[in-house]
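Chains, contacts and geometry: an overview
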Amino acid sequence: MNQGIGQESFSIFDTYFEAMTRHHGNNGTDRTTGTDGKSGYTSSRLEIVRTDWTIRREREVRCISESAMVELSFCFEGCGQVEVSGGAHDLQAGTCSLQLMRDFSASFRYEQGTRVRTLALGMPVWLFNAYHSSVSAAAAGPFDRLLGTGSFRQFRCPILPATRGLLRELEDCPYTGAMKDMYLEAKALELFAVYTNRFLYEKNSQAPVSGTLSRTDRQKIREAREEIIRRMDAPPSLLELSRIVGINDYKLKLGFKELYGTSVFAYLREQRLHKACELLRTGDMSVSEAAARVGYMNFSHFAEAFRRRFGVNPSVYRKEPR
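Residues numbered from 1 in each chain as written. Predicted model: local features only at pLDDT ≥ 70, side-chain atom pairs only at ≥ 80, totals over all residues. Heavy atoms only, no water.

With that settled, the discussion passes to the overall build of the protein. On a plain count of helices and strands, the protein comes out with 12 helices and eight strands. In the protein, which comprises 322 residues, the share counted as buried stands at 50%. About 15,700 Å² of surface is accessible on the protein, with carbon and sulfur atoms providing 47% of the total. (Helix = DSSP H or I, 4+ residues; strand = E, 2+ residues; numbered from the N terminus. Buried < 20%, exposed > 50% of the residue type's maximum accessible area, 1.4 Å probe, protein only. Areas by Shrake-Rupley, 256 points an atom, 1.4 Å probe, with all protein chains shown as cover.)

In C-alpha cells form, the structure reads like this:
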C-alpha cells in the first residue's frame with residue numbers, strides 16, 4: 001500500500017463518526033471503503049462514506065483533527081450549522097462542497113428530528129497534489145497554495161444535474177470484489193474531476209464560503225430559499241422576497257450566493273429544471289404540463305433551458321426508459 005493512502009482522510013472521518021456514534025450508536029451509517037465494505041484502511045486511494053442519520057434530539061457534535069485531506073461532500077437531505085476553525089456555514093440539502101482542511105476543529109449543530117443524508121468522498125493530500133501539480137510550477141503544492149495559512153477552505157454550489165447519474169451509479173454498484181473497488185474509485189474520481197474543474201478552473205467559478213453572515217441572516221436566507229421553491233411556479237420578485245423574510249435585498253443577494261454558491265434566480269432555475277425532470281420521469285405528465293407546473297409559461301423557453309442543461313430535448317427525455 002502506498003504511504004499515506006487513505007490514512008489521513010480515514011482519520012478525519014473516524015473523528016466525526018466517533019463523536020456522532022457516542023450519541024446515536026452505529027445504526028444509520030454506511031461506510032463503503034474498498035472491496036469488503038468494512039471500516040479500516042484499504043488499498044483504495046479514496047474513501048467513500050455514506051451517512052443517513054436521524055437526530056433524536058437537538059445535538060452539538062465537536063471534533064478536532066490534526067490530519068489533512070480534501071473532501072468532496074454531497075448533502076441530499078437535512079440541514080444544520082457547521083463551524084470549522086472559526087468560519088461558519090450551513091449544511092444544506094441539494095448542495096455539493098469541495099473542502100480543504102488541516103489541523104482544524106469543527107462543531108456540528110443539528111435540530112431534533114432532522115434526517116441528514118450525505119455522501120462524502122475523501123482524497124489524501126498527496127493524491128490531490130499529484131493530479132493538480134501540472135497546473136503550476138510553484139514550489140508549494142496545489143493544496144498549500146489553495147489553503148494558504150488557514151485550516152479550512154470551502155467551495156460550494158448546487159448539485160449539478162449532469163452529475164446525478166454519476167451519483168446514482170456510485171450508489172448502485174453492479175460489481176463485487178475487486179471490480180467493485182475499481183468501479184467505485186472510477187466514479188468517485190469522475191465526480192472529483194467535474195467539481196474541482198467547476199470550482200478551481202472554470203471562469204467565474206464561485207468563491208469559497210466566507211462565513212460572514214450572522215446566524216439570524218442565515219436563517220432568513222434559508223427561509224428565502226424555501227419560499228422560492230414553494231412558489232417556483234410563480235416566484236416573488238427579489239424585493240418582495242426580501243420583505244417576506246425580513247432582510248434587505250442587497251444582503252439577500254450576497255448572502256444567498258455565499259450560502260448556495262449562486263444567485264437567487266439561478267438557483268430557482270436549477271430547481272425548476274430538476275423538478276421538471278422528476279415530473280417527466282414518471283411519464284404521467286406531458287412536457288407542456290411539466291413546464292407549466294414549474295413556472296415556464298413559454299414552452300420554447302423551457303425546452304431550450306432543458307436542452308441546454310441536460311443535453312436532450314424534454315420530449316426525448318420523457319420517452320427514455322427508466
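With that settled, consider the confidence of the model for the protein. Taken as a whole, the protein shows an average pLDDT of 79; of its residues, 79% reach a score of 70 or greater. Low pLDDT (under 50) marks residues 25–43, which in the prediction has 43 contacts with non-local residues, meaning those over four places away or in another chain. Considering only residues more than four positions removed or in separate chains, one finds that residues 204–211, a stretch of pLDDT under 50, has 18 contacts. (pLDDT = per-residue confidence, 0-100. Contact = heavy atoms within 4.5 Å.)

So, on to the pairing of strand 2 (residues 47–54). The buried fraction of strand 2 amounts to six of the eight residues, a majority that puts the element mostly inside the structure. Of the strand pairs in this sheet, strand 2 and strand 7 (residues 115–123) are connected by eight bridges, and their pairing is antiparallel. Following the sheet pairing, Thr54 is matched in strand 7 by Arg115. (Pairing = 2+ DSSP bridges.)

Residues Leu72, Phe74, Leu98, Leu121, Leu191 and Tyr195 are the most contacted members of the largest nonpolar core, which totals 33 residues. For this core, the secondary structure elements donating two or more residues are strand 3 (59–77), strand 6 (95–110), strand 7, helix 2 (125–132), helix 3 (142–147), strand 8 (152–158), helix 4 (164–171) and helix 5 (177–201). Ranked by residues supplied to this core, first place goes to helix 5 with nine residues. Apart from residues no more than four positions distant in its own chain, Leu191 is found in contact with Leu72, Phe74, Leu121, Thr163, Leu166, Leu167 and Leu170. The next biggest cluster of nonpolar side chains, apart from the first, holds 32 residues, and it includes Ile247, Leu268, Met285 and Ala305. (Core = buried A, V, L, I, M, F, W, Y, C linked by side-chain atoms within 4.5 Å.)

This next bit is on the packing of helix 6 (residues 215–230) against helix 7 (residues 238–245). Where helix 6 contacts helix 7, the two axes come as close as 9 Å, and the packing angle between them is 125 degrees. By the angle class used here, helix 6 and helix 7 are oblique. The hand of the helix 6/helix 7 crossing is right-handed. Taken together, the residues of helix 7 that come into contact with helix 6 (itself represented by Lys220, Glu223, Ala224, Glu227 and Ile228) are Leu241, Ile244 and Val245. Of the residues belonging to the contact of helix 6 with helix 7, the class tally is five nonpolar, no polar and three charged. (Axes fitted to C-alpha atoms, helices over the stretch in contact; angles between N-to-C directions. Parallel < 35°, antiparallel > 145°, perpendicular 65-115°, else oblique. Left-handed = near helix turned anticlockwise from the far one by under 90°. Nonpolar A, V, L, I, M, F, W, Y, C, P; charged D, E, K, R; others polar.)

Turning next to the packing of aromatic side chains. Inspection of every chain in the model, using the stated rule, returns 10 aromatic pairs. The interplanar angle of 5 degrees and the centroid separation of 6.4 Å between the aromatic rings of Phe74 and Phe76 together place this pair among those described as stacked. Exposure remark for Phe76: the relative accessible area of 27% places this residue in the partly exposed category. Through a chain of ring-to-ring contacts, three or more aromatic side chains come together here, namely Phe74, Phe76, Phe155, Tyr195 and Phe199. Between Arg272 and the ring centre of Tyr296, over which it is positioned, the NZ or CZ distance is 5.5 Å. (Phe/Tyr/Trp six-rings, centres within 6.5 Å; stacked < 30°, edge-to-face > 60°. Lys NZ or Arg CZ within 6 Å of the ring centre and 35° of its normal.)

Packing of helix 7 against helix 8 (residues 249–260) leaves a shortest axis separation of 9 Å and a crossing angle of 95 degrees. Accordingly, the angle class assigned to the pair helix 7 and helix 8 is roughly perpendicular. Residues Leu238, Leu239, Leu241 and Ser242 of helix 7 form the contact with helix 8, whose participating residues are Asp249, Leu252 and Lys253. Looking at the contact of helix 7 with helix 8 residue by residue, the class counts come to four nonpolar, one polar and two charged.

As a further point, take the pattern of salt bridges. Counted by the stated rule, this structure contains 15 salt bridges. For Asp52, the salt bridge goes to Arg115, with nearest N and O atoms at 2.6 Å. Of this pair, Asp52 sits in strand 2 while Arg115 sits in strand 7; the two residues are 63 residues apart in sequence, bridging distant segments of the chain. By relative accessible area, which is 28% here, Asp52 ends up partly exposed. One salt bridge connects Glu278 with Lys275, and the closest N-O pair in it is separated by 3.8 Å. Placement of both Glu278 and Lys275 in helix 9 (residues 264–282) is noted, with a separation of three residues, approximately one turn of the helix. (Salt bridge = Lys/Arg side-chain N within 4 Å of Asp/Glu carboxyl O.)

Turning our eyes to something else, we now look at the pairing of strand 6. With 14 of its 16 residues buried, strand 6 lies for the most part within the structure. Both strand 3 and strand 6 contribute to a ladder of 15 bridges, which runs antiparallel. By the bridge assignment, Glu60 is partnered in strand 6 with Arg109. Sheet topology places strand 4 (residues 79–84) next to strand 6; four bridges connect them, and they run antiparallel. Across the sheet, Val82 pairs through a bridge with Phe108, a residue of strand 6. The pairing of strand 6 with strand 8 spans seven bridges and is antiparallel. Counted as the bridge partner of Gln99 is Gln154 from strand 8.

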